[in-house]
There are 2 protein chains.
Amino acid sequence: MTEAEILERLSRRISLPRQSRLVKGIGDDCAIYRGRGAAEDLLLTTDLFIEGVHFLQSTHRAADVGYKALARGLSDIAAMGGEPSFCLLSLALPKFISAKWIDGFYSGLLKLAEAHGVILAGGDLSRAKQITCDIVCIGAVPRGEALMRSGARPRDPIYVSGVLGGSALGLATPRGAARRRHLYPEPRLELGKYLRKSLHATAAMDLSDGLSIDLARMCEASETAAEIDRVPQFRGATREQALHGGEDYELLFTVRPHTRVPAMFRGIPLTRIGTMLNGPGARVMMNGKPLAVLGHDHFRT
Amino acid sequence: MTEAEILERLSRRISLPRQSRLVKGIGDDCAIYRGRGAAEDLLLTTDLFIEGVHFLQSTHRAADVGYKALARGLSDIAAMGGEPSFCLLSLALPKFISAKWIDGFYSGLLKLAEAHGVILAGGDLSRAKQITCDIVCIGAVPRGEALMRSGARPRDPIYVSGVLGGSALGLATPRGAARRRHLYPEPRLELGKYLRKSLHATAAMDLSDGLSIDLARMCEASETAAEIDRVPQFRGATREQALHGGEDYELLFTVRPHTRVPAMFRGIPLTRIGTMLNGPGARVMMNGKPLAVLGHDHFRT
């Protein structure tokens, strides 16, 4: 089974009761909760980061593991235009891990947390064979204003932030800009708020598994198709890396047809890559040909 | 390092800003979040449940794993007197796991979720060497009313719900009542609300790691000491199992000195086991002698 199939099987068994305080359940970057009388909606997301699956001890120092575990979660808050507030961390560690490693891990995580005013508010500790981090990030957004994957409409222009493929390239190179990109992705929190408040983006999500698979997911959620004609490439990255490489943590978003989108936001390029079309959902074309969906899926065999 | 030492090192590095919407961070069963304008406080807790650490595939069927992963989280919501609302699940699975196992796991989890009106609202999926579940439970409690570990005062009577040691006994027996107790602990949600609303308990927590260590934690949080003189034992369990065995998921609580506590709540015995004393914190005496703290700690060497 693929991840999509597991989620599909699961979704069929779950339905949100009409009176639920949960505005959005499975199927977006975060779940959305609306507390009784609350002025803000709460965003909640959880992200696994596991040794041997998402990282290796030979490539990620302890502080790098802590940084990235949190960055992945903050990126989900950014994708919804939210303001992060706090996080919980479940951490399972093998027996041989040193106190120094643990201190380094927390240093990397807390440094990023402080930079964004995020508080580590709790979690759980356990043993495991592999270093296993599960970060829960909680953020807030004004009531009803969260950006979702499902809001894109036919004719909406499609944009990405930054340049793509850097993380995939960095995985294969021991140092340099691409390596730093792989190790220290920047959660696009300010950009996410700008997309929500100023551009009134119709849909947004973060690029965690690769443009081809993530855009297909946005199309599926929005019941649209997409036609793209270009993709901004990280310097030195191949076109394949830019189209299918994971972990860039840039934002993919759509706006209404007449929205003026600037070429840059605080030094980050915003590039139009294509246009949403009428469904059927989940069909992505590039220059007139179907684009293979090759992004990352843990469960694909 | 022990879990307590890791948490101690971590806590020293974190302080809650005065203006935070986080009412309670590290150090209780749940974190407490107070949304702007919200009538209710939100409770958030995360619990790992890992193959080879917390359970074995030879003793837990897929549905049992799903049940207990969620039951552990709901128990933390119960301990604070909360009403559970939804959960997020991070699930990492080895390659050999079958679709049937995955379906069984979700069946066990969703059955318990439905019984308590809890919605599975999202999560994450990954590969791992061991089956790894991290459940995030979110609940609500009227503003300012969450029961905490830290509220006990000298002279407060100490109570436990149910009978203890059943789960430890069940770990060692292949069938029977103790085995069922080990496999299917019942989150004491109705009791938790009763403690909050009717008994105005001064402190509460769930017994996950064993009475001796959990009572020491309550004393430390409340800056009290404790003297106990009895412990209600599960039929067939030893006194050691009742004092130090983990995973009973009963509630440990204190009330004001003159509060009338009934002997039973909906079929669950409520037993006075002792009294809180003036500090120093974290010293637990039983019949005049210091009680060894032998409960479960993943990181004790």
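Because the structure is predicted, anything quoted here is derived from the model rather than measured. (Residues numbered from 1 in each chain as written. Chains lettered and ligands numbered in written order. Predicted model: local features only at pLDDT ≥ 70, side-chain atom pairs only at ≥ 80, totals over all residues.)

*Asks:* Outline the overall build of chain A, listing residues and values.
*Replies:* On a plain count of helices and strands, chain A comes out with 8 helices and 14 strands. Computed over its C-alpha atoms, the radius of gyration of chain A comes to 19 Å, within 12% of the 19 Å expected for a compact globule of 301 residues. Each principal axis of the C-alpha distribution contributes one length, and for chain A these read about 55 × 50 × 40 Å. For chain A, with 301 residues in total, the buried portion stands at 55%. Taking as baseline every contact in chain A between residues at least 6 positions apart, the subset at least 24 positions apart corresponds to 83%. (Helix = DSSP H or I, 4+ residues; strand = E, 2+ residues; numbered from the N terminus. Rg over C-alpha atoms; globule rule 2.2 N^0.38 Å. Buried ≥ 20, exposed ≤ 12 C-beta atoms within 10 Å, placed from the backbone. Contact = placed C-beta atoms within 7 Å.)

*Asks:* Could you give an account of the packing of helix H2 (residues 62-79) of chain B against helix H6 (residues 189-197) of chain B, naming the residues involved and the relevant values?
*Replies:* Residues and elements named next belong to chain B. In the contact formed by H2 and H6, the axes pass within 8 Å of each other and the chain directions differ by 15°. One element, H2, and the other, H6, form an angle in the roughly parallel class. Crossing hand, H2 versus H6: right-handed. Only Leu-189, Leu-191 and Gly-192 of H6 make contact with H2, whose side of the interface consists of Leu-74, Ile-77, Ala-78 and Ala-79. Within the contact of H2 with H6, the residues separate by chemical class into 6 nonpolar, 1 polar and no charged. (Axes fitted to C-alpha atoms, helices over the stretch in contact; angles between N-to-C directions. Parallel < 35°, antiparallel > 145°, perpendicular 65-115°, else oblique. Left-handed = near helix turned anticlockwise from the far one by under 90°. Nonpolar A, V, L, I, M, F, W, Y, C, P; charged D, E, K, R; others polar.)

*Asks:* An account of the sheet that holds strand E2 (residues 31-33) of chain A is requested, with residue identities and associated values reported.
*Replies:* All names here are of chain A. Spatially, the 6 strands line up as an open sheet ordered E1-E2-E3-E6-E4-E5, and their pairing is mixed. Of all strands in the sheet, those bounded by a partner on one side alone are strand E1 (22-24) and strand E5 (119-127). With direction set aside, neighbouring strand axes in the sheet form an average angle of 20°. Bridge analysis of strand E4 (residues 83-93) against strand E6 (residues 132-142) gives 9 bridges, and the strand direction is antiparallel. Residue pairing in the sheet places Cys-87 in a bridge with Cys-137 of E6. Set on the sheet, helix H2 (residues 62-79) makes contact with strand E3 (40-50), E4 and E6; between it and E6 the angle comes to about 35°. (Pairing = 2+ DSSP bridges.)

*Asks:* Now, about the relation of the copies chain A and chain B: what can you tell me, with residues and values included?
*Replies:* In the superposition of chain A on chain B (RMSD 0.0 Å, axial shift 0.0 Å), the rotation amounts to 180°. These values place the two chain copies in the arrangement generated by a two-fold rotation axis. Scanning chain A for the C-alpha nearest the rotation axis identifies Ala38(A), at a separation of 2.2 Å. Same-surface contact between copies: 100% of interface residues of chain A are shared with the interface of chain B. (Least-squares fit on C-alpha atoms with pLDDT ≥ 70 in both.)

*Asks:* I'd like to hear about the interface of chain A and chain B, residue by residue, with values.
*Replies:* The interface is formed by 54 residues belonging to chain A together with 54 residues belonging to chain B. Contributing elements (two or more residues each) for the side of chain A that touches chain B: helix H1 (3-13), E2, E3, E4, helix H3 (99-115), E5 and E6 of chain A. By residue number, the principal contributor to the side of chain A that touches chain B is E5(A), which donates 9 residues. When its residues are assigned to classes, the side of chain A that touches chain B shows 31 nonpolar, 13 polar and 10 charged.

*Asks:* Any chance you could break down the pairing of strand E10 (residues 251-254) of chain A for me, citing the residues and the numbers?
*Replies:* Side-chain positions along a regular strand alternate between the two faces of the sheet. Residues and elements named next belong to chain A. Of the two faces of E10, the one holding Leu-251 and Phe-253 and the one holding Leu-252 and Thr-254 are both buried throughout. Pairing of strand E7 (residues 157-161) with E10, which is carried by 3 bridges, proceeds in the antiparallel orientation. Pairing of Tyr-159 across the sheet is with Phe-253, part of E10. Pairing of strand E8 (residues 203-206) with E10 involves 4 bridges; the strand directions are antiparallel. The residue bridging Met-205 from the neighbouring strand is Leu-252, located in E10.

*Asks:* So what about the domain arrangement of chain A? Which residues, and what values?
*Replies:* All names here are of chain A. When its domains are assigned, chain A resolves into domain 1 (3-142) and domain 2 (149-290). Each of domain 1 and domain 2 was reduced to a C-alpha centroid, and the two centroids are 22 Å apart. Taken together, the contact pairs 20 residues of domain 1 with 19 residues of domain 2. Those elements that place two or more of their residues in the side of domain 1 that touches domain 2 are H2 and E4. When its residues are assigned to classes, the side of domain 1 that touches domain 2 shows 8 nonpolar, 6 polar and 6 charged. (Domains from an automatic or database assignment.)

*Asks:* Which residues make up the confidence of the model for chain A, and what values go with them?
*Replies:* Averaged over all residues, the pLDDT of chain A is 93; the fraction at 70 or higher stands at 97%. If you check the scores for this complex, the pTM reads 0.93 and the ipTM reads 0.92. (pLDDT = per-residue confidence, 0-100.)

*Asks:* Explain the sheet that holds strand E6 (residues 132-142) of chain B residue by residue, including any values.
*Replies:* Residues and elements named next belong to chain B. The strand order across the open sheet formed by 6 strands is E1-E2-E3-E6-E4-E5, and the pairing between neighbours is mixed. Two strands close off the open sheet at either side, each with one partner strand: strand E1 (22-24) and strand E5 (119-127). Put simply, the sheet's adjacent strands are angled 20° from each other on average, direction ignored. Sheet topology note: the strand E3 (residues 40-50)/E6 ladder contains 11 bridges and is antiparallel. Counterpart to Ile-50 in the pairing with E6 is Thr-132.

*Asks:* Any chance you could break down the nonpolar core for me, citing the residues and the numbers?
*Replies:* Ranked by internal contacts, the top residues of the largest apolar core, which has 193 residues, are Leu43(A), Cys87(A), Leu43(B) and Cys87(B). Other than its neighbours up to four places away in sequence, Leu43(A) contacts Cys30(A), Ile32(A), Ile77(A), Met80(A), Gly82(A), Ile138(A), Gly139(A), Ala140(A), Val141(A) and Ala146(A). (Core = buried A, V, L, I, M, F, W, Y, C linked by C-beta atoms within 7 Å.)

*Asks:* Kindly report on H2(A), identifying the contributing residues and their values.
*Replies:* All names here are of chain A. Between its first and last C-alpha, H2 extends 26 Å over 18 residues, near the 26 Å set by a 1.5 Å rise per residue. Most of H2 sits inside the fold, with 17 of its 18 residues counted as buried. In the segment just after H2, Gly-81 is the residue with positive phi, at about 75°. (Expected span 1.5 Å × (residues − 1).)

*Asks:* Please give an account of unusual backbone geometry that cites residues and values.
*Replies:* Note: most residues except glycine have negative phi, and most peptide bonds are trans. Residue and element names in this part refer to chain B. Here His-200, not a glycine, exhibits a phi torsion of approximately 45°, which is positive. Relative to the helices and strands, His-200 is located in the loop between H6 and strand E8 (203-206). One non-glycine residue, Arg-266, adopts positive backbone phi at about 45°. Inspection of the secondary structure puts Arg-266 in the loop between strand E11 (264-265) and strand E12 (268-278). Owing to 8 C-beta atoms within 10 Å, Arg-266 belongs among the exposed residues under this scheme.

*Asks:* Tell me what's going on with the packing of H2(B) against helix H3 (residues 99-115) of chain B, and back it up with residues and numbers.
*Replies:* Residues and elements named next belong to chain B. Orientation of H2 relative to H3, taken along the N-to-C sense of each, is 40°, at an axis distance of 6 Å. As the angle between them shows, H2 and H3 are arranged oblique. The handedness of the crossing between H2 and H3 is right-handed. Side by side, H2 and H3 meet where Ala-62, Ala-63, Asp-64, Val-65, Gly-66, Tyr-67, Ala-69, Leu-70 and Ala-71 of the first sit next to Trp-101, Gly-104, Phe-105, Tyr-106, Ser-107, Gly-108, Leu-109, Leu-112 and Ala-113 of the second. The residue makeup of the contact of H2 with H3, split by class, is 13 nonpolar, 4 polar and 1 charged.

*Asks:* Tell me about the environment of Arg260(B), and name the residues and values.
*Replies:* All names here are of chain B. Note that Arg-260 resides in the loop between strand E10 (251-254) and E11. In this structure Arg-260 comes out as exposed when scored by C-beta crowding, with 6 C-beta atoms within 10 Å. Between the C-alpha atom of Arg-260 and that of Leu-199, which follows or precedes it by 61 residues, the distance is 7.8 Å.

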